[in-house]
Each structure stands twice: as structure tokens, then as C-alpha cells.
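What follows is each chain in one-letter form.
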Amino acid sequence: MRIPLTRPAPPRLSLAIAELQSLEESAIFSNFGPVNTRFEQEMLARFFGGQGACMTVCNATIGLMLAIKEAVGDTAPGRFALMPSFTFAAAAHAALWCGLTPLFCDIDAQNWAADPMAESAMLSRYAEKIAVLVPYATFGYPIDLTHYTKITAQHGVPVVVDAAASLGTFDMRQHGFGSGFSGAVVFSMHATKSFATGEGGLIYSANPDRIARLRAMSNFGFGEPRTATMPGLNAKLSEVGALLGRLRIADYDRIIARRSELLDHYRDALPELDFQARAQGRQAHQFVSALLPPDLSMSRGAIREHLANRAIVTGTYFSPHLLEQPYFKRLCVAGPMPVCDQVSARIISLPLFDMMTHLEVDQVANSLRDVLTIVDREPRGRGLHSTQRAQPAYEALRRAS
Ligand SMILES: *Cc1c(COP(=O)(O)O)cnc(C)c1O
């Protein structure tokens, strides 16, 4: 049987007829209705110990746009949003929609999140031109948020955390990722994330005033009844979307435990790969990210093709990384990124989904091991090896300038 990279399994609305009927009878379909209000309360209790506040949004990309706009206000043109290049296009797009220029920095070799040294180099080099930091909690990894609280205190620069994949990441004290952080933390509930509903997002902050402002912004900037007092757009989640969220909470413990087990199985079964640093506590996982052996990274295309021939679908999140993507390369600014270039060149995303079996993990691991042996024996630059990698993005940029 074909093994997909992800097999989205949002809660089954077809099994929630009673809930749907009562939603219809309420005749409220959006605008922070009763289902949405319950869902937000449950999320705050379940993930953030009931402290601070959270609100839903229609997706995390719009959530990032709102949160960045709220953080920077009506800023002068030509300012930067500092973010790692090893992330999803949504973060850079959100900054651009807010009139900021994404400024990409390098990542840490172990956890693949923004490298604090690279960030501080950028902060000293560009100083007050940096309007906001947008770190990414890479693949659900619990990056150190106290570090960002300090940056805000020292440099006066606000921080918006892209935590798209992090619903379900808990520290040793059972606090969900983001708990207690007073900047905005933005989560996704997209069908491919582990907290899957289809489309949806959640913004958390320890500061309830921030959430109140964001809520008004998400409803056309109406700070007074039907009167815009601040920037706004429509970022509201529908009541049906919120119902999906409530149904997801009900079975999420089982899902997150299952996915962690499968990931541990992968780590044991594939010692030849380098995995992301192991987090303290429990990390949510969207799919399985690992680095191929350095000498085989040039053969990644061939490896993936061999696996596809064995009915195993893989991905390469995030390769190309942002600075390697034409639109961002044209508009954005970047520092040196040797680690990002390497991690991105070696990364492979392996299958993970709620209903995956341990047998299927073995099948992926055994096939991958076979394929690595086959590819290792093939002459380089021939046959399936033909997909050669372009020069690293930063090198290209440096040569062009
Ligand atoms: C999925 C993802 C997003 C966007 O989430 P949506 O809810 O699909 O808009 C943003 N950033 C990262 C890192 C993601 O993985």
C-alpha cells in the first residue's frame, strides 16, 4: 500500500450530526459565536494553563499578518522583519503584506531554529531598522522564548512567534508551548498539521490586551461598534471551523501520543540519519524531518525517486529555503547562512500520520536504508543522480552583489 507523507484526518463532521444541528439552530455562523467562544476557552485551559488569552483565526498566515501588524503598527517603509530562512513561505509573505522587508538569518545546527548568534549579529548590524523578530518554532521544537523576552527588553523590538506546528508541544511542567509569553504566538490548525481541523489558526498571548486588540483587528479593525479605529481585515473563524476544533481537542491526547511513539520508532530504526535535537518534554510532530548523510545529499532527488517507486512519498521541508525562492530572493535581504544551506540541502521529510502503523514505519525505514545503499553505489552525476544542486543561495547572492 502507498504510504503518503501525511494523511490528513480532521475530526469527522459526519459523525457530529447533533452538534451540527444545534449550531444550525443557533443561527450563528461566525463573528465569535458560542461554539468559537467555548473552543477558545477550552484551548486556553488545555494548552496554556488558563493564563493569558487566545483567539481563533481563519488560518495561521492571516494570523501572522495580524500579529506582525499589531506589533509594528503603521511603520515607516524600509524596515525589516528578522526571521530564519529555514521556514515556510507564509512568514515572509506576512511580513511583506505588512510593508516590511524580510531579513533572513542562519539557523542552529541542532534544533534548526534561528541561531541566536546570527540574530544578534543582525540586531547590531541593522539596529533600529529591525521592526520585529519572527522566530519559528521549527517543526514544533520548543525554542527558548525567554531569550526573546530579553531581546524585546534590551532592544525594544517586538517578537511574533511562528508556532504553526506547535499545538501539542508541552514542557516538563505540562505547559503548552508559548505559555506565559507576552508577544503573539501563532499556531496553525491546517489539515497537514498535527492539530488538524482543515483550515484555522490560533493566536495566544500572556497579555490579554494584545489579544483584545488582535480580535478587533481580525474584525475589520472595529474598535467601536462598526467603526474602524485600527488596521483590520477579516480573519474570523467560522462556527463550523470552531466545532471542528472542539472535536479535535477531544481526541488530541491519543493523536499526539501516537505520533510521538512513531517518531521515536523512526529515530531507533534509522541511526544513519541525523534527527532534530530531542526536546525536553513532548514535541508535536507534523511529519518526520531528518538529515541525509552529508555525502548523499546530492543524491536526494534520486533517493526520493527510488522511494516513490516503492510507493513511499517523501518531502523536503524546507528546501528550497526562503532565500532560495525566486520571489523572496528578489525582495529580501539576508546574512550569511552556511548552516541553513546545509540543513536545507540534506533535509528529507518522511511520512507521519495519525493512523500510521509501526509496520509502516519499518517499511519506510527498511526501504530508505536499502535505497541509501543502492544510491551510495551508483556513480555520481549519472542516471538518477542527475539532479544536481544549485550553488548555495547566499553564495549566489554574494556573487551577484
Ligand atoms: C503551516 C505553516 C504556516 C501557515 O499555516 P496556515 O494555517 O496554513 O496558514 C506558517 N508557518 C509555518 C512554519 C507553517 O508550517
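For the structure, see preceding data.
Note that this is a predicted model, so its numbers are computed, not measured.

Each value, and the rule that gives it
Residues numbered from 1 in each chain as written. Predicted model: local features only at pLDDT ≥ 70, side-chain atom pairs only at ≥ 80, totals over all residues. Heavy atoms only, no water. Helix = DSSP H or I, 4+ residues; strand = E, 2+ residues; numbered from the N terminus. Buried < 20%, exposed > 50% of the residue type's maximum accessible area, 1.4 Å probe, protein only. Contact = heavy atoms within 4.5 Å. Pairing = 2+ DSSP bridges. 1 Å grid on protein atoms, 1.4 Å probe; cavity = no way out; pocket = protein on both sides within 12 Å on 5 of 7 lines; lining within 4 Å. Points joined across faces, edges and corners; volume = space filled by probe spheres on them. Nonpolar A, V, L, I, M, F, W, Y, C, P; charged D, E, K, R; others polar. Domains from an automatic or database assignment. Phe/Tyr/Trp six-rings, centres within 6.5 Å; stacked < 30°, edge-to-face > 60°. Near = heavy atom within 4 Å. Polar contact = N/O pair within 3.5 Å; in protein donor to acceptor, adjacent residues only side chain to side chain. Areas by Shrake-Rupley, 256 points an atom, 1.4 Å probe, with all protein chains shown as cover. Sits in = over half its atoms within 2 Å of the grid points.

Right, let's talk about the environment of Leu331 for a bit. Of note, Leu331 is situated in helix α10 (residues 326–331). Judged by its relative accessible area of 36%, Leu331 is partly exposed. Counting along the chain gives 229 residues from Leu331 to Pro102, while the straight-line C-alpha distance between them is 8.0 Å. Excluding residues that lie within four positions of it along the chain, Leu331 makes contacts with Leu96 and Thr101.

Topologically, Asn219 is positioned in the loop between α7 (208–217) and β8 (222–224). Those residues in contact with Asn219 that sit more than four places away from it in its chain are Phe32, Leu233 and Lys236.

Turning our eyes to something else, we now look at the sheet that holds strand β3 (residues 101–105). With parallel pairing, 4 strands are arranged side by side in an open sheet as β4-β2-β3-β12. Of all strands in the sheet, those bounded by a partner on one side alone are β4 (130–133) and β12 (333–334). Of the strand pairs in this sheet, β3 and β12 are connected by 2 bridges, and their pairing is parallel. Residue pairing across strands places Phe104 opposite Ala334, the latter belonging to β12.

Within this model, the largest pocket holds a volume of roughly 430 Å³. In terms of lining, the largest pocket is formed by 24 residues, of which the most central are Phe88, Ser188, Thr192, Lys193 and Gln286. Elements that contribute at least two residues to the lining of the largest pocket include exactly α3 (60–72) and β6 (184–188). If one sorts the elements of the lining of the largest pocket by residue count, α3 sits on top with 3 residues. Considering only residue class, the lining of the largest pocket consists of 12 nonpolar, 9 polar and 3 charged. Counting contributing residues per domain, the lining of the largest pocket is built from domain 1 (14–247) and domain 2 (253–378), each supplying no fewer than three.

Further remarks concern the packing of aromatic side chains. Enumeration according to the criterion identifies 20 aromatic pairs in this entry. Judged by centre distance (5.7 Å) and plane angle (20 degrees), the rings of Phe47 and Phe170 are stacked. On the criterion of sequence distance, the pair formed by Phe47 in helix α2 (residues 34–48) and Phe170 in the loop between β5 (160–162) and β6 is long-range, its members being 123 residues apart. Side by side, Phe47 and Phe170 carry an identical accessibility label, which is buried. On the numbers, 6.0 Å between centres and 85 degrees between planes, the contact of Tyr317 with Phe318 is edge-to-face. For Tyr317, a relative accessible area of 34% corresponds to the partly exposed category. Given a relative accessible area of 8%, Phe318 falls into the buried group.

Close contacts around the ligand come from 13 residues, with Ala60, Thr61, Asp162, Ser188 and Lys193 the closest. At 2.9 Å, a backbone N or O of Ala60 approaches an oxygen atom of the ligand. Taking Asp162, its side chain carries an N or O atom lying 2.8 Å from a nitrogen atom of the ligand. Within the complex, the protein chains bury 92% of what would otherwise be the 380 Å² of accessible surface of the ligand. Under a 2 Å grid-point criterion requiring more than half of the atoms, the pocket assigned to the ligand is the largest pocket.

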